[in-house]
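For reference, the chains in residue letters:
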Amino acid sequence: MVSFALKHPTATIARGIENLVMARADSKSLTVKVGYQILATTISVTVFPIFLGIELFFKRIPIALRSISLSGKKVNSDGGLTPFQKNLDKVAKFAFGIIFSPFGLRWVDSISGFFLKRHHTTTGIYPFGVEGIYGKTVSPIQYPNTIEELQNLVKNAIKRNQQISVIGAGMSQGTQTIPEKADHLVIHTQFLKQIEIDENNNTATIGSGATWEQVQQALNQKGKSSIVKQASDPFSIGGSISINCHGWAHEYGSISSVVKSLRIINDKGELVTLTPKDEQFGCMFGTLGWFGIVVDVTFKIRDNVHLVEKSERVELQDFDRVYKDKIKGKGIPLFGGRLCLDALKGNPLRYVEMDRFEEDEKVDLKFKAIPLVTPNLFLEEESGTRMQRISLQATAHFTYFTVSRLLSNFWKRESDKMHQKTKMTLNEALHPPINALKMLHHSNLHSQWLQEYFIKPENLPYFLRYLGAELKANGVKLINATIRPTPKDTISILPYAEQDRYAVVLCFNQYKTQKEIARTRRWIEKVNRQLIAQGDVYYQAYMPYATQEQFETCYGKERVQKMRDLKQKYDPQNRFGNGHTAKYFEKKCS
Ligand SMILES: Cc1cc2nc3c(=O)[nH]c(=O)nc-3n(C[C@H](O)[C@H](O)[C@H](O)COP(=O)(O)OP(=O)(O)OC[C@H]3O[C@@H](n4cnc5c(N)ncnc54)[C@H](O)[C@@H]3O)c2cc1C
């Protein structure tokens, strides 16, 4: 800790300011509140910029000068910035920090928030967006480099009778990656990331620790693309299998529909190949690592193609009909309904833009290269662009009054854009910017949370009206809201779509003081009660606010019991598990 403070003095002061802001917000005493406010503001506009200046002149500028490239290269081979450009960017960041530090008088941590750093150790787990809430200190996390190393770790855990939990990219917003006990074995798969592409058979075999961003880069080089993935890229393949992810590939639904085989390490430490013919295959989807560790996955891929974006605005009651009449079964690769974000002229979610990406028939033949490699599909900057980070900070700091006005404007521009027939490739459409969000991973105070509900078609209009009213009543700063068709899943033993459903996905800004978390928890629990009353399902990727009883009702008591029976068969010692499976999957003794 001391060495971290010496190495990153500005980050340490930024953390101090954030801690004071949180303590002020959570204190009940007016005197304490005023005291913390004065202290935090004073540090923010005096000590903090002084340290920014010291670090700028004695560290950032010398490092930038040392990294001047003599080769004159403007970009790296992966399209990213050169070391000099990165260092220059940091110099600019520190200079801007000093210039804008007076903002601290109005929004205490608005500038220092850009300089927060999380002190990563091999004993800390920080799930995304809930780092301080569910994060835990554990025995040193293990990072196997090979399948053999992974297998040995499992065999040793068996000898020691330790439970094993797994981390992929760590993006789940709950206890899905957190071991139940601190001395359990935690395995991080990030180095199991081999990628093999079989262009002739349109399949790819990918190590479970690879992220979609890495996979998409490799597929693009061969003019290929994945079929089912989340809407964005930072997730690991193992984490995607374990939650049974889905995205805009509306005809396919969950990822289980495109997987041809999996290799896993089972409860005996054996490497086993599973195909859809094996009973244990379906156990691996949507069960959050309860049935073993996914080593690699072979799934179907497709050609990268030219697309054109089109949209049509419809009322909520027409969504299902328009989808079935005009989009489903029409060979449209990507589709999602984007729900209205404007909360000024009514409740949010009150209508939908049917945003679809059709194959572009009008592409000039000479551009219709096969294979189609999207040029400039570069890795996104590690933490997004400066403008994206500033917008995020602004959303976090401005009041609901201001943010709802900004969002109303943003939504107008977004919906206009959807009608402009923008052209792009499939790989570009599957690679939206998201990395700016990672800035929030350093903060204990600001975050973006998600919620997701799987709704029967006939319940959709009422549920969206109900949800829109709740969001407005609770002043939720909604950043994004979509509807995604999720066709019936016959593969997973714990499907969220045991029949055709529509996923309603919300992303919103969350201020993580105790009071604001309690407020969010209240509306989430209220919406969950409504959801359950109407026979619908919530997604397991986020906060563990549902009770076990609610989980069982949502996913079906018989289905959950069947899953427990299969667990007895495939992992009777409960070798694999985590905080989430302990709370929801394990049967509690009555
Ligand atoms: C900003 C954001 C956007 C999102 N968008 C979408 C979306 O569009 N569609 C969607 O479906 N979901 C979405 N999600 C949810 C996301 O898909 C899940 O949280 C997913 O599990 C995260 O992947 P990960 O690699 O970070 O998994 P982790 O959080 O690391 O792990 C998730 C679970 O998988 C288990 N696991 C990980 N690797 C393995 C392995 N190799 N073997 C066995 N078990 C393993 C872990 O133990 C854990 O239980 C989103 C989440 C966020 C935060």
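Since the model is a prediction, treat every value here as computed from it, not as a measurement.

A.B. asks: Even after reading the chapter, I still don't get the overall build of the protein chain, so can you show me in this structure?
C.D. replies: When its secondary structure is counted, the protein chain shows 18 helices and 19 strands. Computed over the C-alpha atoms, the radius of gyration of the protein chain is 24 Å, within 12% of the 25 Å expected from 2.2 N^0.38 for a compact globule of 590 residues. For the protein chain, the C-alpha atoms occupy an extent of roughly 65 × 60 × 60 Å along the three principal directions. Each of the 590 residues in the protein chain was classed as buried or not, and the buried ones make up 43%. Pairs at least 24 apart in sequence give 73% of the contacts found in the protein chain among residues at least 6 apart.

A.B. asks: Mind showing me how you'd approach the site of the ligand here?
C.D. replies: The ligand sits among 35 residues. The nearest are G168, M171, G238, G239 and G289. Among the elements of the structure, β3 (164-167), α8 (237-243) and β10 (293-303) are those that each provide at least two residues to the shell around the ligand. Sorting elements by how many residues they give to the shell around the ligand places α8 first, with five residues. Split by residue class, the shell around the ligand holds 15 nonpolar, 20 polar and no charged.

A.B. asks: I tried to follow helix α2 (residues 9-26) on my own but got confused; where do I start?
C.D. replies: Structural remark: α-helix, 3.6 residues per turn; residues separated by three or four positions point the same way. Given a rise of 1.5 Å per residue, 18 residues ought to cover 26 Å, and the 26 Å separating the end C-alpha atoms of α2 matches this to within 8%. All of the buried residues in α2 are T10, A11, I13, A14, R15, I17, E18, L20, V21 and M22.

A.B. asks: Explain the packing of α2 against helix α3 (residues 30-66) to me, please; I cannot follow it from the model alone.
C.D. replies: Axes are the key here: two packed helices are described by the angle between their axes and the distance separating the axes. As a packed pair, α2 and α3 sit with axes 9 Å apart at the nearest point and diverge in direction by 170 degrees. By the criterion of interaxial angle, the relationship of α2 to α3 is roughly antiparallel. For the pair α2 and α3, the crossing hand works out as left-handed. Here P9, T10, I13, G16, I17, L20, V21, A23 and R24 of α2 come into contact with α3, specifically with K33, Y36, Q37, L39, A40, I43, S44, V47, F48, F51, L52 and E55. Class assignment of the residues belonging to the contact of α2 with α3 gives a composition of 14 nonpolar, four polar and three charged.

A.B. asks: Looking at this model, I keep getting lost on the environment of L6. Mind explaining?
C.D. replies: Along the chain, the position of L6 falls in helix α1 (residues 2-7). L6 sits 203 residues away from G209 along the chain, and the two C-alpha atoms are 33 Å apart.

A.B. asks: Which parts of the structure should I look at to understand the domain arrangement of the protein chain?
C.D. replies: A common way to state how big an interface is: give the accessible area lost once the parts meet. Looking at the protein chain, the domain boundaries give domain 1 (2-114) and domain 2 (306-539). In this assembly, 13 residues from domain 1 lie in contact with 13 residues from domain 2. Here the residues of the side of domain 1 that touches domain 2 sort into five nonpolar, four polar and four charged.

A.B. asks: Help me understand the pairing of strand β17 (residues 477-486) in this model?
C.D. replies: Every regular strand shows the same layout, with side chains that alternate between the two sheet faces. With nine of its ten residues buried, β17 lies for the most part within the structure. Sheet topology note: the strand β13 (residues 334-339)/β17 ladder contains two bridges and is antiparallel. Bridge assignment links G337 to a residue of β17, and that residue is I483. In this structure, β17 lies alongside strand β18 (residues 501-511), joined through nine bridges in antiparallel fashion.

The rules behind these values
- Residues numbered from 1 in each chain as written.
- Predicted model: local features only at pLDDT ≥ 70, side-chain atom pairs only at ≥ 80, totals over all residues.
- Helix = DSSP H or I, 4+ residues; strand = E, 2+ residues; numbered from the N terminus.
- Rg over C-alpha atoms; globule rule 2.2 N^0.38 Å.
- Buried ≥ 20, exposed ≤ 12 C-beta atoms within 10 Å, placed from the backbone.
- Contact = placed C-beta atoms within 7 Å.
- Near = placed C-beta within 6 Å.
- Nonpolar A, V, L, I, M, F, W, Y, C, P; charged D, E, K, R; others polar.
- Expected span 1.5 Å × (residues − 1).
- Axes fitted to C-alpha atoms, helices over the stretch in contact; angles between N-to-C directions.
- Parallel < 35°, antiparallel > 145°, perpendicular 65-115°, else oblique.
- Left-handed = near helix turned anticlockwise from the far one by under 90°.
- Domains from an automatic or database assignment.
- Pairing = 2+ DSSP bridges.

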